[in-house]
Amino acid sequence: MKILIAEDDPVSRRLLEATLARWDYQATVACDGTAALDILSRDDAPRLALLDLVMPGLNGDEICRLVRDRVRDSYSYLVLVTSRSQKSDLIQGLNAGADDYLIKPVDPLELKARLNTGRRILGLQEQLIAAREAMRRQAMRDSLTGAWNHGAILDILRRELARAMRDGTRLSVILGDLDHFKRINDTFGHLAGDAALCEAHRRMTAAMRPYDMIGRYGGEEFLVVLPGCDGAETLQFCERLRGHVADTPVGHGGEAIGVTLSIGAALHDPDEAADAETLLQAADQALYRAKHAGRNRVELARALTVKAAV
Ligand code: GH3
Ligand code: MG
Ligand code: MG
Ligand code: MG
């Protein structure tokens, strides 16, 4: 575990360094407060620090205050080290954000125990961050397929559209709806329907580039946000999506389930201002035409058809 020793007195510093090395700490040393703050400000800073209370440059309590003032994801566990005569200053140090303190001369067993407390707290904080990340992911992902959920893919669409308008680049909005899915559920059961839905999503993802994004827009309807493609490329991409889903039946419980996908696509033209709703509406109308023209096919929004044909 990495640790910072900030101590201006060379004898105390070396003593701490030698003691911590025996316990497998990788110590970085600072001889004054400014250097200590510098080290604690790095991205890969030690998260555990022993800070002498009185040092040139910055005192230990001042370092605590400056570290706590920064908004950071990872926590630093800060232990002030002080001589007995400075004990009254400790309250100031704890108020400034120190987690703990040690009195010089430092008793090695006490040092070890207090650092163990620090490690335990840092461990708990890591678990909290991991739990928060898992919840954030859960809040944005569809639990069945793992695709972005409705809210998240709409946020992505709005963000990508803003970027496309700023950069003058293209953006395609693609709605894909599985055909006669009710029939699949009715014939093979709801679990088989779930499996077909997951497999369709997996196949669509396999047809995408790393920076294309797919979300579950509704029950058996997916929204794909495709940056940087013109009409012809969008059409080609949609045909690839359609083919990936339809070409091979989905195997489930010994059954071969034929799944097909109807697609409607709309393209944001960099010369025109458009909002997400208008694009979605255009893609939805195209999807409606794909359904009515027999399903398992791709239709482009009318404006796009003209441009794609040019
Ligand atoms: P169309 O070709 O016109 O889209 O016909 P469809 O049957 O796919 O469309 P409809 O809107 O009539 O029915 C959609 C079906 O999708 C009904 C619904 O039960 C099913 N569905 C939606 N979400 C899920 C899901 O998470 N799992 C399963 N198994 N089925 C789902
Ligand atoms: Mg000192
Ligand atoms: Mg459907
Ligand atoms: Mg539908």
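Throughout what follows, the structure given in this document is the object of discussion. In this text, all values refer to a predicted model and were calculated from it rather than measured experimentally.

In the segment running from Lys-104 into Pro-105, the intervening peptide bond is cis, with an omega of -5°. Tracing the backbone shows Pro-105 in the loop between strand S5 (100-104) and helix H5 (108-140). In the Ramachandran plot, Arg-295 falls in the positive-phi region, its phi being about 70° despite a non-glycine side chain. Using a relative accessible area of 30% as the deciding quantity, one classes Arg-295 as partly exposed. Although it is not a glycine, Asn-296 sits at a positive phi angle of roughly 50°. Locating Asn-296 in the fold gives a position in the loop between helix H10 (276-292) and strand S12 (298-300).

With the rule as written, the count across this model stands at 21 salt bridges. Between Asp-177 and Lys-291 there is a salt bridge whose closest N-O contact spans 2.9 Å. Within this pair, whereas Asp-177 is found in strand S6 (residues 171-178), its partner Lys-291 is found in helix H10, the two being separated by 114 residues in sequence. You can call Lys-291 buried: its relative accessible area is 15%. Each of Glu-7, Asp-52 and Lys-104 takes part in a single network of salt bridges with overlapping partners.

So, about the packing of aromatic side chains. All told, the structure shown has 0 aromatic pairs when counted by the stated rule. Across from the ring centre of Tyr-101, 6.0 Å away, lies the NZ or CZ of Arg-114, which sits over that ring. Here Arg-141 stacks its cationic end above the ring of Trp-148, 3.6 Å away from the centre of that ring.

Read from one edge to the other, the open sheet built from 5 strands follows the order S7-S8-S6-S11-S12, with strand pairing classed as mixed. The sheet is open, and its two edges are formed by strand S7 (213-218) and S12, each paired on a single side. Between one strand and the next, the sheet's axes are offset by a mean angle of 20°, whatever the strand orientation. Strands S6, S7, strand S8 (221-227) and strand S11 (261-268) of the sheet are contacted by helix H8 (residues 190-206), whose axis makes an angle of about 150° with S7.

For the rest of this paragraph, the subject is the coordination of the magnesium ion (ligand 2). On the protein side, the magnesium ion (ligand 2) has Asp-8 (OD), Asp-52 (OD) and Val-54 (O) as donor atoms, found 2.0 to 2.2 Å from it. Coordination of the magnesium ion (ligand 2) draws on donor residues from a single chain, spaced D-x43-D-x1-V in sequence. Of this pair, Asp-8 sits in the loop between strand S1 (2-6) and helix H1 (10-22) while Val-54 sits in the loop between strand S3 (48-52) and helix H3 (60-69), and the two are 46 residues apart along the sequence. Relative accessible area serves as the criterion here: at 31%, Asp-8 is assigned to the partly exposed category.

For the magnesium ion (ligand 4), the full set of protein donor atoms is Asp-177 (OD) and Glu-220 (OE), at a range of 2.2 to 2.3 Å. Between the magnesium ion (ligand 4) and the magnesium ion (ligand 3) the interatomic distance amounts to 3.6 Å, and Asp-177 serves as a bridging ligand to the pair. Separated by 43 residues along the polypeptide, Asp-177 in strand S6 and Glu-220 in the loop between S7 and S8 bring together distant segments of the chain. Since its relative accessible area comes to 9%, Asp-177 is described here as buried.

Along the chain, Trp-148 turns up in the loop between H5 and helix H6 (150-167). Sequence spacing of Trp-148 and Thr-205 is 57 residues, and the spatial spacing of their C-alpha atoms is 12 Å. Apart from residues no more than four positions distant in its own chain, Trp-148 is found in contact with Met-140, Arg-141, Asp-142, Ile-153, Ile-156, Met-213, Ile-214, Gly-215 and Arg-216.

Quick look at the site of ligand 1 now. As a structural note, the neighbourhood of ligand 1 is formed by 17 residues, with His-180, Phe-181, Asp-194, Arg-216 and Arg-295 the closest of them. Considered on its own, ligand 1 offers 650 Å² of accessible surface; in the complex 67% of this is hidden by protein. For the shell around ligand 1, the elements supplying multiple residues, two or more each, are S6, helix H7 (181-188) and H8. Classifying every residue of the shell around ligand 1 by side-chain character gives 4 nonpolar, 5 polar and 8 charged.

The rules behind these values
Residues numbered from 1 in each chain as written. Chains lettered and ligands numbered in written order. Predicted model: local features only at pLDDT ≥ 70, side-chain atom pairs only at ≥ 80, totals over all residues. Heavy atoms only, no water. Helix = DSSP H or I, 4+ residues; strand = E, 2+ residues; numbered from the N terminus. Buried < 20%, exposed > 50% of the residue type's maximum accessible area, 1.4 Å probe, protein only. Salt bridge = Lys/Arg side-chain N within 4 Å of Asp/Glu carboxyl O. Phe/Tyr/Trp six-rings, centres within 6.5 Å; stacked < 30°, edge-to-face > 60°. Lys NZ or Arg CZ within 6 Å of the ring centre and 35° of its normal. Pairing = 2+ DSSP bridges. Axes fitted to C-alpha atoms, helices over the stretch in contact; angles between N-to-C directions. Contact = heavy atoms within 4.5 Å. Donors = N, O, S within 2.8 Å, 3.2 Å for Na, K, Ca; no water. Near = heavy atom within 4 Å. Areas by Shrake-Rupley, 256 points an atom, 1.4 Å probe, with all protein chains shown as cover. Nonpolar A, V, L, I, M, F, W, Y, C, P; charged D, E, K, R; others polar.

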